[in-house]
Amino acid sequence: MRNYEKESIFWYGLYLLAEDQELKYYINTEKELIYNLYPLVYFGISQYSLYRGEKIQEIQNQDMNEITDYIVKNLDSLYDANYKYVKVKPKRLVLQDEEFIEQVKAIVTGLLLPYINKYCFRKLSEIYHMNSTFIRKLIINFEYDINHQAVDGKLKTSSLYPFLFTINLIKIYDKSGLYQRVQKYYTREILLKNMKLDENEKKKKLNI
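Quantities reported herein were computed from a predicted structural model and do not represent experimental measurements. (Residues numbered from 1 in each chain as written. Predicted model: local features only at pLDDT ≥ 70, side-chain atom pairs only at ≥ 80, totals over all residues. Heavy atoms only, no water.)

(A) Main features of the pairing of strand β1 (residues 144-149). Relative to strand β2 (residues 155-157), β1 is paired through three bridges, and the arrangement is antiparallel. If you follow Y144 over to β2, its bridge partner there is T157. Between β1 and β2, which follow one another and run antiparallel, lie five residues, and G153 among them has a positive phi close to 90°. (Pairing = 2+ DSSP bridges. Helix = DSSP H or I, 4+ residues; strand = E, 2+ residues; numbered from the N terminus.)

(B) Just helix α4 (residues 64-73), in detail. Taken together, the buried positions of α4 are occupied by M64, I67, T68, Y70, I71 and V72. Buried residues along α4 sit in contact with α3 (31-52), α5 (75-82), α6 (98-119) and β1. (Buried < 20%, exposed > 50% of the residue type's maximum accessible area, 1.4 Å probe, protein only. Contact = heavy atoms within 4.5 Å.)

(C) Quick look at the pattern of salt bridges. Per the counting criterion, the structure on display carries five salt bridges. Between R52 and E66 there is a salt bridge whose closest N-O contact spans 3.3 Å. Of this pair, R52 sits in helix α3 while E66 sits in helix α4; the two residues are 14 residues apart in sequence, bridging distant segments of the chain. The exposure class assigned to E66 is partly exposed, which follows from its relative accessible area of 37%. (Salt bridge = Lys/Arg side-chain N within 4 Å of Asp/Glu carboxyl O.)

(D) Structural detail: the packing of α4 against α6. Put simply, α4 and α6 touch, their axes get as near as 10 Å, and they point 120° apart. Judged on the interaxial angle alone, α6 and α4 are oblique. Both α4 and α6 take part in a crossing whose hand is right-handed. Contacts between α4 and α6 involve M64, N65, I67, T68, D69, I71 and V72 from the former and I101, V104, K105, V108, T109, L113, P114 and N117 from the latter. For the contact of α4 with α6, a count of residues per class yields nine nonpolar, four polar and two charged. (Axes fitted to C-alpha atoms, helices over the stretch in contact; angles between N-to-C directions. Parallel < 35°, antiparallel > 145°, perpendicular 65-115°, else oblique. Left-handed = near helix turned anticlockwise from the far one by under 90°. Nonpolar A, V, L, I, M, F, W, Y, C, P; charged D, E, K, R; others polar.)

(E) Main features of the environment of D76. When you line up the elements, D76 lands in helix α5. Judged by relative accessible area, which is 42%, D76 ranks as partly exposed. Taking C-alpha positions, D76 is 9.5 Å from L40, a pair spaced 36 residues apart along the chain. With residues near it in sequence (within four places) discarded, D76 still touches R92 and L93. Polar side-chain contacts of D76 include one of 3.4 Å to the side chain of R92. (Polar contact = N/O pair within 3.5 Å; in protein donor to acceptor, adjacent residues only side chain to side chain.)

(F) Local environment of the nonpolar core. Formed by 41 residues in total, the largest nonpolar core has its most connected members in L14, L37, L112 and L113. Put simply, the parts of the chain that give this core at least two residues each are α1 (8-17), α2 (21-29), α3, α4, α5 and α6. A per-element tally of this core places α6 first, with 10 residues. Apart from the residues lying within four places of it in its own chain, the contact partners of L14 are I27, I34, L111, L112 and Y115. Membership of the second largest hydrophobic core comes to nine residues, among which are L50, I139, Y161 and I167. (Core = buried A, V, L, I, M, F, W, Y, C linked by side-chain atoms within 4.5 Å.)

(G) Representation of the packing of α1 against α3. Between α1 and α3, the shortest axis-to-axis distance is 12 Å and the interhelical angle comes to 95°. When the interaxial angle is binned, α1 and α3 end up roughly perpendicular. Where α1 approaches α3, its residues F10, W11 and L14 are matched on the opposing element by K31, I34, Y35 and Y38. Residues that form the contact of α1 with α3 fall into these classes: six nonpolar, no polar and one charged.

Take a look at the structure:
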């Protein structure tokens, strides 16, 4: 059995959100496409928030199409950034024709964004006891900013990344002495030292 066929909870959640027969048909017939799209859409929301310069806690209905267009337009960049450190990468999605593009947009707007909206956003009270996992996921999502490329074409580090990197090094939810800990670690020297590690050392440092 292939990996994408094993995620029964994921498929059941999508099926509950499908509002018409066309979307239910896609769930039954386009499992591999949906499974490969999902991580890029999830990652794309973080990148869209950098693009807009605002925090997204819930996707409003009026924003669905704009976010979908952003994700589809930047699909290659999202793939490159999301799988930069992955040795065995999934197959790259190629938007070869208009019919396929419209199908992808329908899946993103009708299934994946509503799924993320319903099941993936977390309130502070819900993440209070899972701070390390949550912060490490934020570090992964915000390490790069696909909206701004360097002159040499490489991905640029996002403006949020140094701060997220810092709070991963300290006890963020222990309020006692929090300011002093941030002040100690959020310095140019410490950040440059830690962020210039090679990929394996950085992963070990971040425990990812």
